[in-house]
Amino acid sequence: MKEIKYEIKAEFDFDSKTLVGTIKSGGDQVVDESSEFKKNLFDIMKNSLSNFSSESAEQIKSFTEKGEYDEAYFSALESLKCFHLLKDDYYFALKELSYHLNDIQLKSVCMYLVAFSSQFCLVDELEKDVETCLRLKDESMSELEEMSLYIEKSRVLYEKGSFNASYAVLQEVIKKTKNNMILGCAFRNLARLATQTEDFELYSNKAIDNFIVSGNKKEAISVIFTLLERVEGKNDTVALELIDKAIELQSSDSYIGKGYLATLLQRKGSILINLNRHHDAKEPILMACALRRGVLGEEPKLHASLVKAEIVLRFINENDAADEIQEEYQQLELTIKDEGFVLTNRILNSLSADEVSDLKFGDVLSDDLVSPHMKFGCLMVEYLNGNYDFSKNIEILDKALAFAIESKDYKAKAMALNEMSRQYAENGYVPTAIEKLYESIDIDSKDMESFQNLIYFLLQEKRLDEACDLLKHKIDIVGSLPNLTFTYAKTLFENKRYQEAYKYFKIVSEQGDTGLNDQDKIIRDYIVQCIDNIDELSSGMTGLDSKSSIEISLSSLSSAFDDFSASISSLSRMQYWIKDDKKIYKWVSNPETVAKHHLLQFLSARFGGELELVQEDRAGAGFIDLYLIAKNGLKFVVELKMCGSGYSSTYAISGESQIIHYLENKDTNVGFLIVFDSRSRDFSKGLESFKTYGNFSIYTKVIDVRNVIDK
């Protein structure tokens, strides 16, 4: 019998509890890489890991039911070595055992109980588990463990509606710790409590900075996603900046890392599509497909990427490439055995074939294998195809909205709200219709139908101030379009704001060919009436500008370095040069000392006492040029290097390895390399603006100190 060896590379995703990887034939053996055997082998591995939790739970339950508590305890300790494989069935078995343990035994497992109840969102159990840990607290409990418990306590209070108490706990945590990981968690929870957009963004950005400094890029990316959900659809330009920041942070040095990167790239493609930039969307979506190809366990996600790629390629008329992609995902469908995927495909096929009557909506909605997005689609099909009364329609739309929220699809949420507003308006509940339309445009500001309907109802209800504010905001975004500006001017006039109305009627009249169909005379009449009434009005009010103080953050520090770079390049570059006897420029003596002096002056002026500037701080076997410590707990390493005119590019780039060495010996994971580059031909060559090494992040700023300015 011929022996065949396989090389198996697999990784377990602790978050989704899934296995991904590849299986290849070893050596020079020629074997079908897509064979059913390899897929079955991989499935066996997945099932084995999946069954570990239930088997461990059963063993603990068996010992506990027999009263053999010590045996159950030692069994639990053994299985907890594989903590990330365990599921909620294991938690309940361990929780039942905990009632029979002494305090010493309970102390060794209580933090695990907190981790489990937090992960599985068991709020009541989490409250009890946190109280148990705090009751058993002694000097052996680390600061990280203690502060983590208070973070979880704030979460329990939030979930139970005690928002002020939750806020107070988080503020106490921020006062007591300088641990960046804990601070990141605290600011993330504060963002969740925020009712104002500005506060939400402030706390979210603080959380991101602290997570990056702590080396936890994964958590930083998760906070970026919460920001993304707030802005996508309202400001897709900002959404694009956020997704690019996440992509920059996400590593791709593992199968799981590649999977996460593929998710980010596909999201970027979706944002570009929203911006009508389909040609630009092509590259990130095709990259997502490439990252997922050949990875076992990623087949359903690869299928989703391929479907999106086909849509984009069709839109930009690359039909041959689209046909190839279509054939690929159709072949892939035949190999995927995942029950959720199979069921979803069956529903989609029924909907596309207009066989709605064949679907049993109740079964679909109760099936855990069906995604929230698919459940939303089924409910909307039922709503649009049914002939129900007002009450039943609202009931269906309420359920659809819940699934849209669960799926985090802002367009689906806007669609459900828009349909709700239609139902309320048609049945005489106009104020409620207005509420739903406000929610809709808050989610998707580009939805013109919702915007127009909202303006119509506000004018109908004589809510003129609100209509004016909305119209002015829209003009600020899209410009003075004739119809939009005319509507705004007319609304201002009806609201007796004649001076402003006059201004906007004049804008419309001066646009020439407005396309307003015989309304020139109407506009002139409005202008005359405005002039007649202006004398009765008082002058407009003026507001006071306020200037807020600079908040120390990764973003503000990076911007400060950019401003420093611009200042040196434009005003001070020649301070780094002297002429020798032959009138040839050479560096001043100790240019790095001059550079450090300039940087210290700049940072002191910019941030004052908010930022402690530590010079020549020892880290391991070397000295850091600058170690920056912010009052809010953020810390950064700064290394200065000269480049050109005797300083090689290798010397400048060596600053990266020095920073890594310093980061390994300091309580931070973020460094800045500031390069004063004098190379006339190869300026900035070989210097990358951002690099990541494991958990470390290095930002490079290149300052132009060339002694000859190109014209």
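Here is what the cut-offs are and how they apply
- Residues numbered from 1 in each chain as written.
- Predicted model: local features only at pLDDT ≥ 70, side-chain atom pairs only at ≥ 80, totals over all residues.
- Heavy atoms only, no water.
- Helix = DSSP H or I, 4+ residues; strand = E, 2+ residues; numbered from the N terminus.
- Buried < 20%, exposed > 50% of the residue type's maximum accessible area, 1.4 Å probe, protein only.
- Contact = heavy atoms within 4.5 Å.
- Areas by Shrake-Rupley, 256 points an atom, 1.4 Å probe, with all protein chains shown as cover.
- Salt bridge = Lys/Arg side-chain N within 4 Å of Asp/Glu carboxyl O.
- Axes fitted to C-alpha atoms, helices over the stretch in contact; angles between N-to-C directions.
- Parallel < 35°, antiparallel > 145°, perpendicular 65-115°, else oblique.
- Left-handed = near helix turned anticlockwise from the far one by under 90°.
- Nonpolar A, V, L, I, M, F, W, Y, C, P; charged D, E, K, R; others polar.
- Pairing = 2+ DSSP bridges.
- Core = buried A, V, L, I, M, F, W, Y, C linked by side-chain atoms within 4.5 Å.
- Lys, Arg positive; Asp, Glu negative; His and termini not counted.
- Polar contact = N/O pair within 3.5 Å; in protein donor to acceptor, adjacent residues only side chain to side chain.
- Expected span 1.5 Å × (residues − 1).
- Right-handed = clockwise from strand over helix to strand, strands pointing away.
- Phe/Tyr/Trp six-rings, centres within 6.5 Å; stacked < 30°, edge-to-face > 60°.
- Lys NZ or Arg CZ within 6 Å of the ring centre and 35° of its normal.
- pLDDT = per-residue confidence, 0-100.

Here we take up the overall build of the chain. For the chain, the count of helices and strands is 29 helices and 10 strands. Relative to its full complement of 711 residues, the chain shows a buried share of 45%. Relative to all contacts within the chain whose residues are 6 or more apart in sequence, the contacts with residues 24 or more apart total 58%. Per element, the accessible surface of the chain, about 37,300 Å² overall, is 50% carbon and sulfur.

This part covers the pattern of salt bridges. Within this structure, the stated rule accounts for 36 salt bridges. Salt bridges linked by common partners bring Lys95, Glu125, Lys128 and Asp129 together as one network.

Another aspect to go through is the packing of helix α19 (residues 390-407) against helix α20 (residues 410-426). Interhelical geometry of α19 versus α20 gives an angle of 165 degrees and a closest axis separation of 9 Å. It follows from the interaxial angle that α19 and α20 lie roughly antiparallel. Relative to α20, α19 is oriented so that their crossing is left-handed. Side by side, α19 and α20 meet where Phe390, Asn393, Ile394, Leu397, Asp398, Leu401, Ala404 and Ile405 of the first sit next to Ala412, Lys413, Ala416, Leu417, Glu419, Met420, Gln423 and Tyr424 of the second. Among the residues making up the contact of α19 with α20, the classes are represented as 11 nonpolar, 2 polar and 3 charged.

On a regular strand, one side chain projects to one face of the sheet and the next to the other, so that they alternate. Across 4 bridges, the pairing between strand β9 (residues 690-693) and strand β10 (residues 696-704) is antiparallel. Bridging from a neighbouring strand, Phe690 pairs with Tyr699 of β10. Between β9 and the antiparallel strand that follows it, β10, lie 2 residues; Gly694 among them carries a positive phi value of about 60 degrees.

Counting 90 residues, the largest nonpolar core has Phe672 and Phe676 as the members making the most contacts within it. Leave out the neighbours within four places in its chain, and Phe676 touches Phe564, Ile568, Tyr576, Trp587, Ala595, Leu640, Lys641, Met642, Cys643, Ile703 and Val705.

A few words now on the side chain of Asp625. Among the structural elements, Asp625 can be located in strand β6 (residues 622-630). Despite its burial, Asp625 pairs with no opposite charge, the nearest such side chain being Lys596 at 4.1 Å. A distance of 2.8 Å separates a polar side-chain atom of Asp625 from the backbone nitrogen of Leu640.

Bringing helix α10 (residues 217-231) into the picture now. In a regular helix each residue adds 1.5 Å, so 15 residues correspond to 21 Å; α10 covers 21 Å between its end C-alpha atoms and thus fits that length. Looking only at α10, the buried set comprises Lys217, Ala220, Ile221, Val223, Ile224, Phe225, Leu227, Leu228 and Val231. Considering only its buried residues, α10 is in contact with α8 (180-193), α9 (197-214), α11 (236-249), α12 (255-274), β9 and β10. Trailing α10 by a residue or two, Gly233 shows a phi angle of about 100 degrees, which is positive.

Attention now goes to α11. Between its terminal C-alpha atoms α11 stretches 20 Å, which fits the 20 Å expected from 14 residues at 1.5 Å a residue. Along α11, the positions that sit buried rather than exposed are Asp236, Ala239, Leu240, Leu242, Ile243, Ala246, Ile247 and Leu249. The inward-facing, buried residues of α11 abut α9, α10, α12, α20, β9 and β10.

The next subject is unusual backbone geometry. Residues other than glycine seldom take positive phi values, yet Ser645 does so here, at roughly 55 degrees. Judged by its relative accessible area of 46%, Ser645 falls in the partly exposed class. A positive phi angle, near 70 degrees, is found at Ser684, a position not held by glycine. Relative to the helices and strands, Ser684 is located in the loop between β8 (670-677) and β9. We classify Ser684 as partly exposed; its relative accessible area is 30%.

Examined against the element boundaries, Tyr112 turns out to sit in helix α4 (residues 103-119). A C-alpha to C-alpha distance of 9.4 Å links Tyr112 and Leu94, two positions 18 residues apart in sequence. Setting aside residues up to four positions removed in sequence, Tyr112 forms contacts with Leu80 and Phe83.

This part takes up the pairing of β8. Along β8, 8 of the 8 residues are buried, which leaves the element largely enclosed by surrounding structure. Here β8 shows a buried face lined by Val670, Phe672, Ile674 and Phe676 and a second buried face lined by Gly671, Leu673, Val675 and Asp677. Here strand β7 (residues 635-643) pairs with β8 via 7 bridges, running parallel. If you follow Cys643 over to β8, its bridge partner there is Asp677. In the classification by handedness, the crossover that spans β7, the intervening helix α29 (residues 649-664) and the parallel β8 is right-handed. Here 8 bridges tie β8 to β10, and the two strands are oriented parallel to one another. Residue pairing for β10: Leu673 is matched across the bridge by Thr700.

What follows covers the environment of Lys579. Along the chain, Lys579 falls in strand β3 (residues 577-579). Leave out the neighbours within four places in its chain, and Lys579 touches Ile584 and Tyr585.

Here we take up the packing of aromatic side chains. As enumerated under the stated definition, the model contains 27 aromatic pairs in all. When the centroid spacing of 6.3 Å and the interplanar angle of 80 degrees are considered together, the rings of Phe564 and Phe676 count as edge-to-face. Here the residue Phe564 occupies a position in helix α27 (residues 554-572), and Phe676 occupies one in strand β8, the gap between them amounting to 112 residues. Judged by relative accessible area, Phe564 falls into the buried class, the value being 2%. Put simply, the rings of Tyr90, Tyr91, Phe92, Phe116 and Phe120 pair up and form one aromatic cluster. Note that Lys392 overlies the ring of Tyr388, its terminal NZ or CZ placed 5.9 Å from the centroid. The ring centre of Tyr627 lies 4.7 Å from the NZ or CZ of Lys666, which sits over that ring.

Remark: helix α2 (residues 69-79) packs on helix α3 (residues 88-98), axes separated minimally by 11 Å, with the N-to-C direction vectors making an angle of 140 degrees. Judged by the sense of rotation from one axis to the other, the crossing of α2 with α3 is left-handed. Across from Tyr69, Ala72, Tyr73, Ala76 and Ser79 in α2, the residues of α3 making contact are Tyr90, Leu94 and Leu97. Per-class residue counts for the contact of α2 with α3 are 7 nonpolar, 1 polar and no charged.

On to the confidence of the model for the chain. Taken over all residues, the pLDDT of the chain has a mean of 82, while the share at 70 or more is 82%. Element-level pLDDT for the chain is lowest in helix α16 (residues 339-352), with a mean of 59, against a maximum mean of 95 in β8. Scored below 50 in pLDDT, residues 28-35 shows 12 contacts in the model against residues more than four places distant or in partner chains.

Let's shift gears to the environment of Lys701. Within the secondary structure, Lys701 sits in strand β10. Note on Lys701: relative accessible area 12%, which makes it buried. As for Lys701 and Ser558, which are separated by 143 residues in sequence, their C-alpha atoms are 8.6 Å apart. Those residues in contact with Lys701, other than ones at most four positions away along the chain, are Ser558, Phe561, Asp562, Phe672, Leu673, Ile674 and Val675. A polar contact is formed between the side chain of Lys701 and the side chain of Ser558, at a distance of 2.7 Å. At a separation of 3.0 Å, a polar atom in the side chain of Lys701 contacts the side chain of Asp562.

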